[in-house]
Amino acid sequence: MKRLALLVLLLAAAPTARAATPGPGVVANVAQGKSLYAANCARCHGPRGEGIHDRGPSLRDAGALEADFYLRTGYMPLDDPHSQPWRTRVLFGEQELRSLIAYVASLGHGAPIPTPQWRGASVASGLKLFRDHCAGCHQIVAQGGIVIGARVPPLNKSTPRQVAEAVRSGPYLMPRFSTKAITPTQLNDIVAYVQSTKHPDDRGGWGLGHLGPWPEGMVTWLLAASILVATCAVIGRRLKA
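Residues numbered from 1 in each chain as written. Predicted model: local features only at pLDDT ≥ 70, side-chain atom pairs only at ≥ 80, totals over all residues. Heavy atoms only, no water.

**A short note on the overall build of the protein chain**
Within the protein chain one finds ten helices and two strands. For the protein chain, the succession of helices and strands along the chain, N to C, is α-α-α-α-α-α-α-β-β-α-α-α. Counting all 241 residues of the protein chain, 33% fall into the buried class. The contacts in the protein chain between residues at least 6 apart in sequence include a share of 62% that link residues at least 24 apart. Working note: accessible area of the protein chain is about 15,300 Å², and carbon and sulfur atoms make up 62% of it. (Helix = DSSP H or I, 4+ residues; strand = E, 2+ residues; numbered from the N terminus. Buried < 20%, exposed > 50% of the residue type's maximum accessible area, 1.4 Å probe, protein only. Contact = heavy atoms within 4.5 Å. Areas by Shrake-Rupley, 256 points an atom, 1.4 Å probe, with all protein chains shown as cover.)

**What about the layout of surface pockets?**
Considering only enclosed or pocket space, the largest pocket measures out at about 680 Å³ in volume. Lining the largest pocket are 29 residues, and of these His-45, Pro-57, Leu-59, Tyr-70 and Met-76 lie nearest its centre. For the lining of the largest pocket, the leading source of residues is helix α4 (residues 63-72), giving four residues. For the lining of the largest pocket, the class distribution of residues is 17 nonpolar, seven polar and five charged. In this structure, the second largest pocket occupies an estimated 520 Å³ of space. Surrounding the second largest pocket, 33 residues form its lining, His-138, Val-152, Pro-153, Pro-171 and Met-174 being those nearest its centre. Every element with two or more residues in the lining of the second largest pocket is listed here: α6 (123-133), α7 (135-138), β2 (150-152), α8 (160-169) and α9 (184-197). Each residue belonging to the lining of the second largest pocket can be placed in one class, and the counts come to 24 nonpolar, seven polar and two charged. (1 Å grid on protein atoms, 1.4 Å probe; cavity = no way out; pocket = protein on both sides within 12 Å on 5 of 7 lines; lining within 4 Å. Points joined across faces, edges and corners; volume = space filled by probe spheres on them. Nonpolar A, V, L, I, M, F, W, Y, C, P; charged D, E, K, R; others polar.)

**Re the pattern of salt bridges**
In a structure, side chains of opposite charge can pair up when their charged atoms sit close to one another. On inspection of all chains with the given rule, the structure shows eight salt bridges. Close ionic contact of Arg-98 with Glu-94 constitutes a salt bridge, the shortest N to O distance being 2.6 Å. Here Glu-94 and Arg-98 lie together in helix α5 (residues 94-105), a separation of four residues that amounts to about one turn. Each of the salt bridges in this network shares a partner with another, and the network as a whole consists of Asp-68, Arg-72, Glu-94, Arg-98, Arg-161 and Glu-165. (Salt bridge = Lys/Arg side-chain N within 4 Å of Asp/Glu carboxyl O.)

**Quick word on the side chain of His-138**
With respect to the helices and strands, the residue His-138 is situated in helix α7. Looking at His-138, the relative accessible area reads 11%, which means it is buried. At a separation of 3.1 Å, a polar atom in the side chain of His-138 contacts the main-chain carbonyl oxygen of Pro-153. For His-138, the residues in contact, after removing those within four places along its chain, are Phe-130, Gln-143, Gly-144, Val-152, Pro-153 and Leu-155. (Polar contact = N/O pair within 3.5 Å; in protein donor to acceptor, adjacent residues only side chain to side chain.)

**Overview of α6**
For α6, the complete set of buried residues consists of Gly-126, Leu-129 and Phe-130. Taken around the axis of α6, the buried residues stretch over an arc of 100°, which confines them to a single face. Buried residues belonging to α6 abut α7 and α9. N-capping of α6 is provided by Ser-122, with a side-chain oxygen placed 3.0 Å from the backbone N of Ser-125. (Arc of directions from axis to C-beta.)

**Let's talk about the packing of aromatic side chains**
In this structure the tally under the stated criterion is five aromatic pairs. Aromatic pair Tyr-37 and Tyr-103: ring centres 5.3 Å apart, planes at 55°, arrangement tilted. You can see Tyr-37 sitting in helix α2 (residues 30-40) and its partner Tyr-103 sitting in helix α5, a full 66 residues away along the chain. You'll find Tyr-37 and Tyr-103 in the same group, each marked buried. Judged by centre distance (5.4 Å) and plane angle (90°), the ring pair of Phe-69 and Tyr-70 falls under edge-to-face. (Phe/Tyr/Trp six-rings, centres within 6.5 Å; stacked < 30°, edge-to-face > 60°.)

**A look at the environment of Ser-158**
The topology assignment puts Ser-158 in the loop between β2 and α8. Here Ser-158 falls in the buried class, since its relative accessible area comes to 8%. Each C-alpha atom of the pair Ser-158 and Val-194 lies 8.8 Å from the other, and the pair is 36 residues apart in sequence. Side-chain polar atoms of Ser-158 contact the side chain of Arg-87, separated by 3.4 Å.

Note that every value here comes from positions in space, so none of it alone points to a role or purpose.
Here's what the structure looks like:
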């Protein structure tokens, strides 16, 4: 009887042990997400996601898409609600992330998490689209930059899903692009191009940090200035002679 009782206890405890170390297929727990939201998000976004003036926007239309982007990039939660969100260490484990994302999605009617089909998409088309819509801030090689009132992040650490989420959600000062402005096919092309910028093919020269044309121009001017100075020095010596 003692052995039977021990076996029953072990079988009852087994699911709990598995849940303590969730695998890739872990199921979200909305109740857990609500507790995490109350502890980490409510002070800025309100107890029911309604938003708080001068602290945080409403999350009623954020959906799983925006929650997934902001939490998995470490953009949220912020220590100072008035500072610009920036990619940093993610504060939650996978089960906590899924639970918190599910709870935020339950607050309203936002968009689901996208799954870009970028493999096999057109990098050439993505380059043109990125040049037209994104390069003005992120530079043509997706290395980020600075605009008035904000820093523009590089995209070298962005996953394909995060690129798609950013296009659809418009984080911080970035504009939001609808499916009419950028179709799903075009979005796949953009994602494919951004992925290609992570391992560029530097044919015929130095990468120079992949920061675009300005470092190439600076190197050209430095070389030209050195040659000019050397030429002037040679001419001066000959004139003295």
